[in-house]
Amino acid sequence: AWVAAEKARGNDVHYDKARVIGLPFRFALEIENLQRTEANGKSWKAAGLRLNALPYDLKHVIAEALGAQTFTFADGRVWTLTADSAAMSVHWNKKGLVRLSAIAKNVSWKSDDGDSGALKGYALQITPTDKTQTKLRFHTEGVDGRLPKLKTALDAFGPEFKSISAKGTINQAQIFAM
């Protein structure tokens, strides 16, 4: 159904192989060589992806990256991301997002023009600020990292850091408009 919905939007989605494992205690869908491409040239390619859900709570899904992820942006930039482990937990209801959490260990990324970066650890938490679930609170943190060279006045600080974090709020509609 997801592939058909993406094609109806003008996007191309394809994969080499998909299989269901883990029954009856959990549903796990493993997908090999998944790629999603938009008409504007943006794309995402995953060597592998595993989607996990419990049969009694299908509105809570955990996605695990299985290998490299490649992102192509509309301006032609290409970034490849790898991690020892990377997972995202998403829980929603009829009003929208209830909680999104992501964690990754030993992450590195490299662009096709040579920029690169790395993080020993990364975490992200997003939750609604109230019952309407229109505004979301986020907190993200990275540790022991190296960012790509910044092309701003912040270059004086250098690319290495021990800890970096950000907190704030965002309108949920803005996330899905990206």
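Residues numbered from 1 in each chain as written. Predicted model: local features only at pLDDT ≥ 70, side-chain atom pairs only at ≥ 80, totals over all residues. Heavy atoms only, no water.

Visitor: Residues and numbers for the environment of Ala118, please.
Guide: Looking at the element boundaries, Ala118 is found in strand 9 (residues 116-128). The exposure class assigned to Ala118 is buried, which follows from its relative accessible area of 18%. Separated by 10 residues in the primary sequence, Ala118 and Ser108 have C-alpha atoms spaced 4.1 Å apart. With residues up to four places along the chain from it excluded, the contact list for Ala118 reads Val107, Ser108, Trp109, Asp144, Gly145 and Arg146. (Helix = DSSP H or I, 4+ residues; strand = E, 2+ residues; numbered from the N terminus. Buried < 20%, exposed > 50% of the residue type's maximum accessible area, 1.4 Å probe, protein only. Contact = heavy atoms within 4.5 Å.)

Visitor: Now, about a nonpolar patch on the surface: what can you tell me, with residues and values included?
Guide: The grouping of Val20, Leu23, Phe27 and Leu58 at the surface amounts to a nonpolar patch, some 380 Å² of accessible area in total. Inspection of the secondary structure puts Val20 in strand 2 (residues 17-21). Given a relative accessible area of 52%, Val20 falls into the exposed group. (Patch = residues over 30% accessible without salt bridge, like charges linked within 9 Å, V, L, I, M, F, W, Y side chains within 5 Å. Areas by Shrake-Rupley, 256 points an atom, 1.4 Å probe, with all protein chains shown as cover. Salt bridge = Lys/Arg side-chain N within 4 Å of Asp/Glu carboxyl O.)

Visitor: Just give me the short version of unusual backbone geometry, but keep the residues and values in it.
Guide: Of note, the amide linkage connecting Leu23 to Pro24 takes the cis form, showing an omega dihedral of 5°. The residue Pro24 is located in the loop between strand 2 and strand 3 (27-37) in this model. A positive phi angle, near 50°, is found at Asn33, a position not held by glycine. Here the phi dihedral of Asn106 falls at roughly 50°; this positive angle occurs in a residue that is not glycine. Tracing the backbone shows Asn106 in strand 8 (residues 96-111). The partly exposed category is assigned to Asn106, whose relative accessible area is 40%.

Visitor: Quick rundown of the pairing of strand 3? Include the residues and the values.
Guide: The sheet contact formed by strand 1 (residues 12-14) and strand 3 spans 3 bridges and is antiparallel. Looking at strand 3, one finds that Asp12 is bridged to Thr37. Strand direction decides the pairing type here: strand 2 and strand 3, joined by 5 bridges, are antiparallel. Bridge pairing links Ala18 to Ile31 in strand 3. Connecting the antiparallel pair strand 3 and strand 4 (residues 43-54) is a turn made up of 5 residues, with Gly41 showing a positive phi of about 100°. (Pairing = 2+ DSSP bridges.)

Visitor: Kindly report on the pattern of salt bridges, identifying the contributing residues and their values.
Guide: The full count for this structure, using the stated rule, is 9 salt bridges. Between Arg50 and Glu64 there is a salt bridge whose closest N-O contact spans 3.2 Å. Pair noted here: Arg50 is in strand 4 and Glu64 is in strand 5 (residues 57-65), with a separation of 14 residues, a long-range link. Overall, the relative accessible area of 24% leaves Glu64 in the partly exposed class. The partner of Asp75 in a salt bridge is Arg77, and the shortest N-O contact between them spans 2.8 Å. The partly exposed category is assigned to Arg77, whose relative accessible area is 38%. Look at the salt bridges and you will find they share partners, linking Glu6, Arg9, Arg36, Glu38 and Lys42 into a network.

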